[in-house]
Structure formats: C-alpha cells, structure tokens
Amino acid sequence: MLLLIQYTLIFASVLILVALGGCFSEHSGVINLGLEGIMVIGALGGALMMRFLPAGFSAFGIVMLTLLAAILFGVAYSSLLAVACINLKADQTIVGTALNMLGTAGATVLVKAMNTAANPNDHSSEIMYIEPKKAFIMNIGGFEFNWFMLIAILMLVLAYITLYRTKFGLRLMACGEHPQAADSVGINVFKMRWAGVLISGMLGGLGGICYILAGVSSWKFENGVAGFGFLALAVMIFGQWKPQRIALAALLFGFFRALSNVYFGFDWLMSLNIPGSVYNMLPYIISLLVLALTSKKSRAPKAEGIPYDKGMR
Amino acid sequence: MKKNILKNNAVQSLIASLLCIFLGLLIGYIVLLLINPDGAWNSIVEVMKNFLHAKKAARQLRNFGTTLVRTAPLLMCALSVLFAYKVGLFNIGAAGQYVAGVCASLYAALAWGWSWFPCLIFALLAGALLGAIVGLLKAYCNVNEVISGIMLNWIALYLTNMMLSKVKEVASPYTLHLKTTAPQAILPSLGLGSLFSDNEYVTIAVPLAIITAIVVEVVLDRTKFGYELKATGNNRNAAKYAGMAEQRNIILTLVIAGGLAGIGGAMFYLTDLEQWSCTATSVPGMGFNGIAATFLGGLNPIGTIFASYFIQHITDGGTNVDLSMYSAQISDLISSIIIYLCGFVLFIKQMMNKSIARHEEAQAHRAKLAAEAAGKEGGEK
C-alpha cells in the first residue's frame, strides 16, 4: 500500500511538472505538442550530469546540478519550438511532432555513440545512475520520499502565483486569449510567447528527469518517455488549464500509472487474473474517457495554436 | 508575358522538399562529424546508398526489392496521414491504426487460418475502428485528435502484445512464422518476386499501395465527396453553412484514414519478412515516418509515393552505417529533422513568392522607365 502511494506521488509529480509546462505555453498562445521530446532531452541532460559528475559531491550538490542540467537542456530544446512557431509561423502540430521524434532519435544516437566510444562492444542506449540516484531519495520508515515531490509542490505554488498574482502572468494569459488586444496596450506578444514556451521547456525538462528517476536506476533512451508528455497534456485539459485542478488531475492519472508498477503486490488484484498489459493500458484508457467527458466545455485559451500576425486585427 | 516557372505551386513544393532533404542530410552529417569525424562521410554515403551497399548486382536488386516491401506499408501510413490532413485533421494515430492492422491480420491468419484476402479486409476494419473512435471523440466530444490518437497508439500496442502472445513461438517473444504455420495467408507474389532476384517477399502489396495512392488522388481531387471533405477541412463552419454534414465528414475521414493505415499493417506482416515481437515496448516507427513522407511529398498523393520511398531508403540505409562508431537511428534523426523543416514549407514558399514579386516589380519598373525615356526622346524629336 505504501508502495502504491509512493509511486502515485512520484508519477503525479512528473505529470504536475509537465502539465504546468504545457499550461504556461498554451496560456501564452502556443500549443506545445513537443513536450514529450522536451522531456526526453531534459532527462538526457540530467542523466549525463549524473553520469559524468566526479565523485565527492554532496547529495545537495548532485541534486542541484542534475536539476540545472535538465532545465538547461529542456529550455535550449524548447527554443527550437519557439523560433519555429513564433517567429517563423510554422505549423505548431508538425513542429511539435518533429520535436518528439527528434528528441528520442537524437538522444539515442548520442547515448549509443557515447557507450560505443567507451566500450566498442556496447551498442545499448542505456545510462546508469545507481549511485547519484540515492541523492534524490530519503527513506522515511519504508516510504521513499523523493525530492521531486517537494519540487512539484513548489512549482505548483509558484505557477499559481505567477499566473494569477503577477503582472507577467496576467499579460502572458492575455497573449493567449487575444494577442491583438494585448499588443494594442503595448505588450510584446512575441516576447511573451517566447517566455511561455521557454518556461514550458524548463518544466518539461524537470518532468523528464523526474520520470526517469521515478522507479529505475538506469534508462534506455530509445524508449523515449512512453507517451507521458501526452498524458500530461491530457492532465492539463482535464485540469482546465488551471494549476490547482491540474494537481488533482495529476493525482488521479498518477494513481492509475502507479497501479501498473505495483499491481502484483496486491493479492486481490492478482486473484482477478488480469494480464499485465491491461494495467499498462489503464492510464491511456482512463485519459480517453476523461477527455471525452471534459473536452466539450473546454476552457482552452482562445488564441492558442494561431501564429500571431500583426497585420491581422 | 512569360509565366515564371517558379510561381507554379508544384515546382515550389518540389524545391521546398529538396531543400528540406538537403538540409536534413547536412545536419545529419554534422551530427556524425561531431560524434566521430573519421567515418562521418562514409556513413552518410552508406545511408544514401542503401541497397547499392551490396557488391553483386543480383544482391543489390534483391535488397532494392526488400526496401520496396517496406515502402508499401509506409506509403499506406503516409496516405492515411495525408487523407486526414486534407480535411484539417492531424492523424498521428496512424501508428496505432497500423498496429491494429498488424494485430488483426496476424491473429486471423495464425489463430483462425484465414487466407490473405479476408486478413487484409479484417486489418482494414481494425484500423478503421480505431480511426472511428478518434473521429467520434473529435466530432461529438471535441477531443483533440492528436492526444486521443496518441492514447490509442499505446492502447493498440499493449492490446496487440496481449492478443498476439496467444500465437507466438514457445521459446521466443516472436509470433509464429506464416510460412510454416499459415502459408495461405501470405500475400501472393504473382511473379513479382522473380523481378527482384527471386525476392519472395515482394508481393502484390507494392503495386497495391501505389494504386491506392492514385485512388486517393482521384477521390480527393476529382469527386464531389473529396471536395466536400476538403471544404470541411478549410472551414468547418462554412461547410456546415453550405449544407455539408461536417460531423459525418470528420468521422468518415478518420475511418478511411484508419483503414488505410490498417491495411498497411497487413501489407507488411503478411509478407512474413518480419515477425511481431510480443514484448514490444514502443509503437513502431512506421506511422511516424508516414508523417515525414506526407509532408515531404508536398501533401500530394503522387509526391508521397516518392517521398515514402526516400524515407524508407534512408531508413534501410541507416542499418549499413559503421556500427562501431554510430547507430542505425541516425536515419530516424534525419527523418525527424526533415519533418521539422517541413514545418517551414509554407514560409519557404512565401519567401519565394515575395522574392519573385519583388523581382517582377523591379522589372516592370525598369520597363516603365525605359518606356518613359523612349517617350521623352520621341517628344523632343
């Protein structure tokens, strides 16, 4: 039971971080379908940092440097989306999809090359981080507390304050609702949208490193992040683009994702004799159902997905 | 006045696509250089050469046939994406619909002993069913088709693993060989294989996929039905106002798109070239590469035939790179860079039109000046 709670919380943390990322990007008016790719690249940044960090750092140092690397990679990668969708007015769906494929392919090529260079017989795309992973975890009576749970809550509060209580947040949301109106009162729509996308890159990168640290001590990069970026978008839609509701939605989805990791720990679930694949499918099925029920009265930012053109009024 | 050839939309699309390919390969080459400068040039040449890698001509022909075998399903996935995109829908679910087709055709062939034709139809229906779910959700519940498509991709993958593990080999995670267990389900070759140094995997799937591309072109461009679909894609509300059933059109589009991708799955796995691995943890790249082929083909069914071949050509070529330095995924990297660049096609075309317009304006201006000068001279005389 404790294990189920632990996994629910950690997967919910991933979903909160990434969904908040999507939330910032969409409030500024850019649909970020590339979150999946951003997660992979953020995870790559963090994993590389853990892999190459010299021994002798304090736990705090490891955590901070890993987070920093994930954030930097995520932000840099998301600028590919920003420059295409904001400045060059490219199709946001195509670019997002391309970034997802590019993320997995790029990370795989890089890690494989790195592994092969170190050992000519090693053609895997795996990075191990058994030792540094311990820095992220604190054992409290059998419950593995992961620092990411705290970070997710912190980001949640920060996101809420930024969006609703600061000039920046309100302006950002104005650019997603009616960019022409925002422009007419002197807000730089391009700058605001850049900010929105880069923040989503930061949160997506954090979510990525959190995801690969959730249960395992090594990661095969050719697997990507198994649709988690899109699950996060479903969480965001279910949460109606509002941070507090996103948190609740993330807990629900996190629970179903956690079930597939720990269902064999429950005798009564095992006695039902359901194949493991069903538990793997569960989060995706739930998200389809939830989307079907909630998308009708969607509160999506009105101008999302439309490149801003000054000439259009 | 002579019409500028660069103004032609088809020519512009071709130039834009070639530019995307060139830049994609260039960036791929730079990545290889960064990893290891020693073998970069050789490897990028291997990627481009693909079947020419083999030394003997007969062997080359055979490998060319195999690339064609893989092109057929890719083309079907690309047509699926294209068909939906013409109606304003982004069918990223093609990957899952393809997997559903694989599941249906292999299960029917191995468990029930069906022959190849009913298997194909069954695959079509399975893909169409998945497409219908996306369509219904989009039309009646306003669910973004990209997100529901991705969710269904994963559901289809796990479902397929579950179903096909009932017909897998005992000792391995792979499904049974059709050749030994269900030879009646293998697609007929009709002598096509002998054209490619007896490559028995070259079947009617290849011409069938090309015919499908032509049919899609005709339906979209020459029929009332196609016109209605495109009108719905251009402006949902206008189409509704003009009396077209937009909800029905959305669902129908995704059903057809799903069916196309579904047949694609059967077209590949009913050749017995590969077996499905029941422990697959990621959705096959076929559907995603289909997106690349669609946009590289300039959103034109005939262009898509060539683009699909090109994408498959470099994907197969990727397996020939020097594995002691690089990995086969370098082709995936190039394909994804090409998709990223395809996002700019509209921008490239705009730039071309702008520069042509500027050029013509300058020409007209010069002509006017010359005429005025001539007029003045005439007046003075």
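Each chain carries its own residue numbering, running from 1 in the written order of its sequence. The naming scheme follows written order: chains are lettered A onward, ligands numbered 1 onward. Local features in this predicted model are restricted to residues of pLDDT 70 or higher, and side-chain atom pairs are both shown and tallied only at a pLDDT of 80 or more, whereas totals for entire chains, interfaces and linings draw on every residue. Side-chain calculation: all heavy atoms of the structure are included, whereas hydrogens and water are not.

(A) View of the overall build of chain A. Strands here are runs of E lasting at least two residues and helices are runs of H or I lasting at least four, both read from the DSSP assignment and numbered beginning at the N terminus. On a plain count of helices and strands, chain A comes out with 13 helices and 4 strands. C-alpha atoms define the radius of gyration, and 2.2 Å times the number of residues to the power 0.38 defines the globule rule. Expected size for 313 residues packed as a compact globule is a radius of gyration near 20 Å; at 20 Å, chain A falls within 12% of this value. When its C-alpha atoms are laid out on the principal axes, chain A stretches across 60 × 50 × 35 Å. With a 1.4 Å probe rolled over the protein chains alone, any residue whose accessible area is under 20% of its type maximum counts as buried; one over 50% counts as exposed, and the rest are partly exposed. When each of the 313 residues of chain A is scored for burial, the buried share is 59%. In this analysis, two residues are considered to be in contact whenever any of their non-hydrogen atoms come within 4.5 Å of each other. Across chain A, contacts joining residues at least 24 apart in sequence account for 78% of those joining residues at least 6 apart. Carbon and sulfur atoms make up 68% of the accessible area of chain A, which amounts to about 12,400 Å² in all. The method behind every accessible area is Shrake-Rupley, applied with a 1.4 Å probe, and residues are considered shielded solely by the protein chains displayed.

(B) Main features of the interface of chain B and chain A. Tallying the contact residues gives 40 residues for chain B and 45 residues for chain A. Here chain B meets chain A over a buried area of about 3,800 Å², counting both sides, of which 79% is carbon and sulfur. Counting the surface chain B buries against chain A, the share from its top three residues, B:M151, B:Y158 and B:Y340, is 18%. Salt bridges, as used here, are contacts in which a Lys or Arg side-chain nitrogen is within 4 Å of a carboxyl oxygen on Asp or Glu. Where chain B packs against chain A, one counts 0 salt bridges. Pairing of N or O atoms within 3.5 Å defines a polar contact, subject to two protein rules: one partner must be a possible hydrogen donor and the other a possible acceptor, and residues neighboring in sequence count only if both atoms are side-chain atoms. At the boundary of chain B with chain A, the tally comes to 5 residue pairs in polar contact (both at pLDDT 80 or more). Each of two parts loses accessible area, computed with a 1.4 Å probe, when they are put together; buried area is these two losses added.

(C) Just a nonpolar patch on the surface, in detail. Residue and element names in this part refer to chain B. Judged by side-chain polarity, L19, F22, L23, L26, I27, I30 and L34 come together as a nonpolar surface patch covering roughly 620 Å² of accessible area. Looking at the secondary structure, you find L23 in helix α1 (residues 9-35). Here L23 falls in the partly exposed class, since its relative accessible area comes to 31%. Distance thresholds for patches are 9 Å for like charges and 5 Å for nonpolar side chains (Val, Leu, Ile, Met, Phe, Trp, Tyr), applied to residues having over 30% relative accessible area and no salt bridge.

(D) Structural context of the environment of A:G21. Residue and element names in this part refer to chain A. Looking at where G21 falls in the secondary structure, it is placed in helix α1 (residues 2-28). Judged by its relative accessible area of 0%, G21 is buried. With 164 residues separating them in the primary sequence, G21 and V185 have C-alpha atoms 26 Å apart. Among residues more than four places away in sequence, those in contact with G21 are S200 and L203.

(E) Local environment of the pattern of salt bridges. All names here are of chain B. Across all of its chains, the model carries 10 salt bridges over all chains by this definition. The partner of R62 in a salt bridge is E200, and the shortest N-O contact between them spans 3.7 Å. You can see R62 sitting in helix α3 (residues 57-86) and its partner E200 sitting in the loop between α8 (192-195) and α9 (205-222), a full 138 residues away along the chain. By relative accessible area, E200 is classed as partly exposed at 38%. For the salt bridge of K230 with D221, the shortest nitrogen-to-oxygen distance reads 2.8 Å. K230 gets classed as partly exposed once you look at its relative accessible area, which sits at 22%.

(F) Structural view of α9(B). Residues and elements named next belong to chain B. Taking 1.5 Å per residue, 18 residues should reach 26 Å; α9 reaches 25 Å between its end C-alpha atoms and fits that length. Restricting attention to buried positions, one finds in α9 the residues A205, V206, A209, T212, A213, V216, E217 and L220. Taken end-on, α9 shows its buried residues confined to a sector of 140°, consistent with a single buried face. At its buried positions, α9 is contacted by α3, α10 (224-234), α12 (246-269) and α14 (301-318). What a helix is expected to span follows from its residue count: subtract one and scale by 1.5 Å. The arc in question is traced by the directions running from the helix axis to the C-beta atoms.

(G) How the structure looks around the packing of aromatic side chains. Two rings from Phe, Tyr or Trp (for Trp, the six-membered ring) form a pair when their centres sit within 6.5 Å of each other. Planes less than 30 degrees apart are called stacked, planes more than 60 degrees apart edge-to-face, and all others tilted. Within this structure, the stated rule accounts for 29 aromatic pairs over all chains. Their ring planes at 45° and their centres at 6.3 Å tell us that A:F238 and A:F253 sit as a pair that is tilted. Taken together, the positions of A:F238 in helix α10 (residues 228-238) and A:F253 in helix α11 (residues 243-262) put the pair 15 residues apart, joining distant regions of the chain. Classification of A:F253 as buried rests on a relative accessible area of 2%. An angle of 50° between the planes, with centres 5.9 Å apart, marks the rings of B:W112 and B:F122 as tilted. Placement of the pair is B:W112 in the loop between α4 (94-111) and α5 (116-141) and B:F122 in helix α5, with a sequence separation of 10 residues. With relative accessibility at 27%, the residue B:F122 sits in the partly exposed group. An aromatic cluster is present here, built from A:Y7, A:F11, A:Y211, A:W219 and A:F228 joined pairwise through their rings.

(H) Spotlight on the state of the cysteines. All names here are of chain A. By disulfide we mean two sulfur atoms from cysteines, separated by a distance within 2.5 Å. In the structure shown here, the tally under the stated rule is 0 disulfides over all chains. Just so you know, C23 is unpaired, no disulfide at all, and the nearest cysteine sulfur is the one on C175, 15 Å from it. Given a relative accessible area of 0%, C175 falls into the buried group.

(I) Structural detail: the nonpolar core. In this text, buried Ala, Val, Leu, Ile, Met, Phe, Trp, Tyr and Cys residues form a nonpolar core when linked through side-chain atoms within 4.5 Å. A:F148, A:Y211, A:I212, A:F221, A:F228, B:W276 and B:L296 are the most contacted members of the largest nonpolar core, which has 233 residues in total. Each residue touching A:I212, except ones within four places of it in the same chain, is listed here: A:A43, A:A47, A:Y129, A:W219 and A:F221.

(J) Molecular detail of the confidence of the model for chain A. For chain A, mean pLDDT is 88; residues scoring 70 or higher make up 99% of the total. Per-element averaging of pLDDT across chain A places helix α12 (residues 267-271) of chain A at the bottom with 76 and helix α9 (residues 189-212) of chain A at the top with 94. On a scale of 0 to 100, pLDDT captures the predictor's confidence in every residue.

(K) Layout of the pairing of strand β3 (residues 143-146) of chain A. Residues and elements named next belong to chain A. In short, DSSP must find at least two bridges between two strands for them to pair. As judged from the 4 bridges shared by strand β2 (residues 137-140) and β3, these two strands associate in the antiparallel manner. Looking at β3, one finds that M138 is bridged to F145. From the end of β2 to the start of β3, which pair antiparallel, there are 2 residues, and G141 there has a positive phi angle of about 55°.

(L) Structural view of the packing of α1(A) against helix α7 (residues 167-177) of chain A. All names here are of chain A. Axes, fitted as lines to C-alpha atoms, cover a helix only where it is in contact. Angles between the N-to-C directions of the axes lie from 0 to 180 degrees. Put simply, α1 and α7 touch, their axes get as near as 5 Å, and they point 60° apart. Between α1 and α7, the residues in contact are F24, H27 and S28 and L172, M173, C175 and G176, respectively. When its residues are assigned to classes, the contact of α1 with α7 shows 4 nonpolar, 3 polar and no charged. Ten residues, namely Ala, Val, Leu, Ile, Met, Phe, Trp, Tyr, Cys and Pro, are considered nonpolar, four, namely Asp, Glu, Lys and Arg, are considered charged, and the remaining ones, Gly among them, are considered polar.

(M) Spotlight on α10(A). The buried fraction of α10(A) is high, at 10 of 11 residues. A:Q240 sits one or two residues past α10(A) and shows a positive phi near 50°.

(N) Focus on the packing of helix α6 (residues 147-165) of chain A against α11(A). Residues and elements named next belong to chain A. Relative to each other, α6 and α11 sit at 150°, their axes nearing to 9 Å. As judged from the angle between their axes, α6 and α11 are roughly antiparallel. Across the interface between the two elements, L156, Y160, L163 and Y164 of α6 pack against P243, Q244 and A247 of α11. Counted by class, the contact of α6 with α11 contains 6 nonpolar, 1 polar and no charged residues. Reported orientations rely on four angle classes, namely roughly parallel under 35 degrees, roughly antiparallel over 145, roughly perpendicular from 65 to 115, and oblique for the rest.

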